[in-house]
Every structure is written in C-alpha cells, then in structure tokens.
Amino acid sequence: MQGFKLTTELFFGSQAINHLEGLTYRNVLIVTDGFLESSGMVAKMAQHLPAGARYQTYSDVKPDPSQELVDAGVAVVERVQPDMVIAFGGGSCIDATKAILYFAHEHGMDKPYFLAIPTTAGTGSEVTNFAVITRGENKVVLIDDFLAPDGALLEADFTKTVPAKITADTGLDVLTHAIEAYVSNAATPFTDALAVKAASIVFEDLPVVYRDGLAMRSRARMIEASCSAGIAFTNAGLGINHSLAHALGGRFHVAHGRLNAILLPYVMRFHMSEPKYREPYDRLAHDLGMADADELLARVIELRECLGVENALSDLPQFEPAAFEAELSGIAEAAQHDRCTPSNPRAVSKQDLVNIAR
Ligand code: NAD
C-alpha cells in the first residue's frame, strides 16, 4: 500500500502575507537569523501580525543549524510560551524551528501553532516532515510528522533579496529534490506530477532569477516549485545525492544546494549506467519534453554551468585533497546510514559512495 499526505496548510498567491492579519494568536515567537533581523525583513513581516499581537525573536540561527543553537532555542521557547511560532528564513531557520519545537515537546511543552515563511526558494522545508541538524561533523536527518509546520505562507517578495549565488544553490536544491523524488523507490503518480512540475519550472525560471533577482514572476514560480518538490519528497523520500551532501556538508561547510548540484550529474550517471535504473530518468525526460535521460543529464550540466556551479568537489575553493581523502571513508559510511539512502532506487555499497564522491 502507498499513501500521500500533506499535513501543512498552504497560503500563497497575491498578497498571501495578509493571511497573518486574520490570525488570532497574540504571543508570537519568530525564529530567524541575524541577517533577516538586521536587514529589517523580520520587522516588515511582523507589521502584518494581527492587531494586539506582541512578538519576540530568536535570531541566532546559522546555516546548517547545530544542536547547540537548537538547545538554546528550546530554552527560549520554554520561557516565552508562545501560542504561535513563526519560522522566518531559509531551510536553516525552518529546520531549527522544527527541532526546537520537537525537543520542547519532549520536555512536556504543548506544540504552539507553527507557521513557516520561507525566504529562499530551495529546501521545501515549509511542508516537509524532515529537519536536518548538525551534530559535530554529522548532519543528522530527523523525520517525524510532528516536525511538519501547521501552515506555510509562500510570499515571493521575501525572496527577492536573495543574492545570485544563493539563488543558484537553492534553486538547484529544488531540482535535486524533484529528480530524487521522481526516481525514488517510493515514488507515486502523485509525487511524480509534483516533481515534474517543479523540475520544469527550475529549467525555465531559475536562469531568469539568477540573472535578475527582481524578476518577480519567476521568483513566484520558483517558490511554488520549491514547495511542490518539498511535497513530492516528503512523500517519496530522497536518495544518495542527499545522503552524500549531508555527509560532505557536515565536514566541509559548503552550501547544501551547491553540494547537491555538484553531485547530481555523478549520481545520475551511476544510476543511468544500468538500464533498470535509467528507466525513470528516461520517463522524467519525456515528461519534461526531452528526448531521453542523456538529454536530461546534458540539460542539468548546462544549467549548472550557466549558474556558475563547479563541476566537481575538487573545483571548490575550500577543497583540500589530503583532508578529503582522509575523510572519504567516514563520508561514505555516514552517507550509507543517512535516512535518505533507503529510498534510493539502486542499492549502494560503501565503495560505490566513495567512487561517486571521488
Ligand atoms: P539557509 O537557510 O542556510 O540560508 C543561506 C543564507 O541565505 C543565509 O546566510 C541566510 O541569511 C541567507 N538568506 C535567506 N533568505 C534570504 C533573503 N531573502 N535575502 C538574502 N539572504 C537570505 O539556506 P537554505 O538553502 O534555504 O537551507 C539550507 C538548510 O536546509 C541546510 O541545513 C539543509 O540541510 C536544510 N534542508 C532541509 C530540508 C528539509 O526538508 N527540512 C531539505 C533540504 C535542505
């Protein structure tokens, strides 16, 4: 038996932000990062809170949130006892909020209403039951329906300040979610439809917003694509592209989307080398109006190049060959045990993962 679940209510379209004004919550905690607070974006969003509502912020979130900043956030949420928590930011802020509420609940606190407002078009975390937390050198994936926000508010206006490089990284994260969800061994016709829609938007609109961050129609389409891909993968799971990105990201601190983008063609080639595992890539290519899996692979590489993404891990400025080789066995082992690996279409050995990373 298969199923399809979306526990998060979506608010989107023109002036979606006005949804906030109609809410009845009065004691609000906003979890965000230092940039979003100091740039005035938090205050701009908070203007739309209902009349009479007061808010406090926890703005210590950093990219790839650590367990320590989550623990500090648990203390804040327990002190504030909010009736609504808003995660305002990229995947790091949304994941940190998920984990904060999860661990506060473990301590006995009731879950307040949880609204996610993404400010990047990338992770889809606003609708997923995943959270990625960094513990030491490992990125740990939590998967639990408790983590899924109650509401997700998609407002493209909040993404227009994302710099070109982060636009590229996060947009290619969307593509990786769509492709991994489509070829996953838990894919369904429903997740396929969302994955195809998301991938087709990325091919069309990501180069546009990369060149012109104020191209608002494409920004709006990208935030929809990010959310669609999120709904696809929270139901279908991901695969070894993400498992390797988590293992590498915990050790080398490269943006998650960039790691996914660098790995993607190598993971695709690994799967496409066997006819049985090539088949879903051929199907996805047809659904996207392309000839076959080879054309899809060529289009992925072309898109990556046009967005200035490195061809291989060794092209990254922070790459150190000796450190990489020393870590490789640990990376492959962490990837093998990552919670994204069970839904990968093809069984992988530790050596396969070493070869792909290398
Ligand atoms: P991020 O949240 O780490 O943000 C990256 C940078 O972009 C930060 O410096 C942030 O301040 C900045 N930023 C965010 N919004 C901005 C805006 N509107 N204008 C200008 N700058 C802005 O990046 P991300 O890619 O959104 O999230 C990555 C994290 O999400 C990783 O930890 C990854 O593992 C995780 N992730 C989670 C899921 C999930 O389902 N939970 C899925 C994929 C990835």
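Structure: see above.
What comes next concerns the included structure. (Residues numbered from 1 in each chain as written. Predicted model: local features only at pLDDT ≥ 70, side-chain atom pairs only at ≥ 80, totals over all residues. Heavy atoms only, no water.)

Section: a nonpolar patch on the surface
Point 1. On the surface, a cluster of nonpolar side chains totalling about 300 Å² of accessible area is made up of Phe4, Leu6 and Phe190.
Point 2. Relative to the helices and strands, Phe4 resides in the segment before β1 (9–11).
Point 3. Residue classification places Phe4 among the partly exposed positions, given a relative accessible area of 38%. (Patch = residues over 30% accessible without salt bridge, like charges linked within 9 Å, V, L, I, M, F, W, Y side chains within 5 Å. Areas by Shrake-Rupley, 256 points an atom, 1.4 Å probe, with all protein chains shown as cover. Salt bridge = Lys/Arg side-chain N within 4 Å of Asp/Glu carboxyl O. Helix = DSSP H or I, 4+ residues; strand = E, 2+ residues; numbered from the N terminus. Buried < 20%, exposed > 50% of the residue type's maximum accessible area, 1.4 Å probe, protein only.)

Examining the pairing of strand β6 (residues 130–135)
Point 1. The buried fraction of β6 is high, at five of six residues.
Point 2. Sheet topology places β6 next to strand β7 (residues 138–143); six bridges connect them, and they run antiparallel. Residue Ala131 lies in a different strand from β7, and its bridge partner there is Leu142.
Point 3. Where β6 folds back on β7, the antiparallel hairpin that results is connected by two residues, among which Gly136 adopts a positive phi of roughly 60°. (Pairing = 2+ DSSP bridges.)

Let's talk about the side chain of Asp282
Point 1. Structurally, Asp282 can be placed in helix α10 (residues 275–287).
Point 2. If we skip the residues at most four places from it in the chain, Asp282 touches Asp292 and Ala293. (Contact = heavy atoms within 4.5 Å.)

A few points about the environment of Leu175
Point 1. For Leu175, the position within the fold is in helix α5 (residues 164–183).
Point 2. A residue is classified by how much of its surface remains accessible, and Leu175, at 0% relative accessible area, is buried.
Point 3. Counting along the chain gives 23 residues from Leu175 to Ala198, while the straight-line C-alpha distance between them is 7.2 Å.

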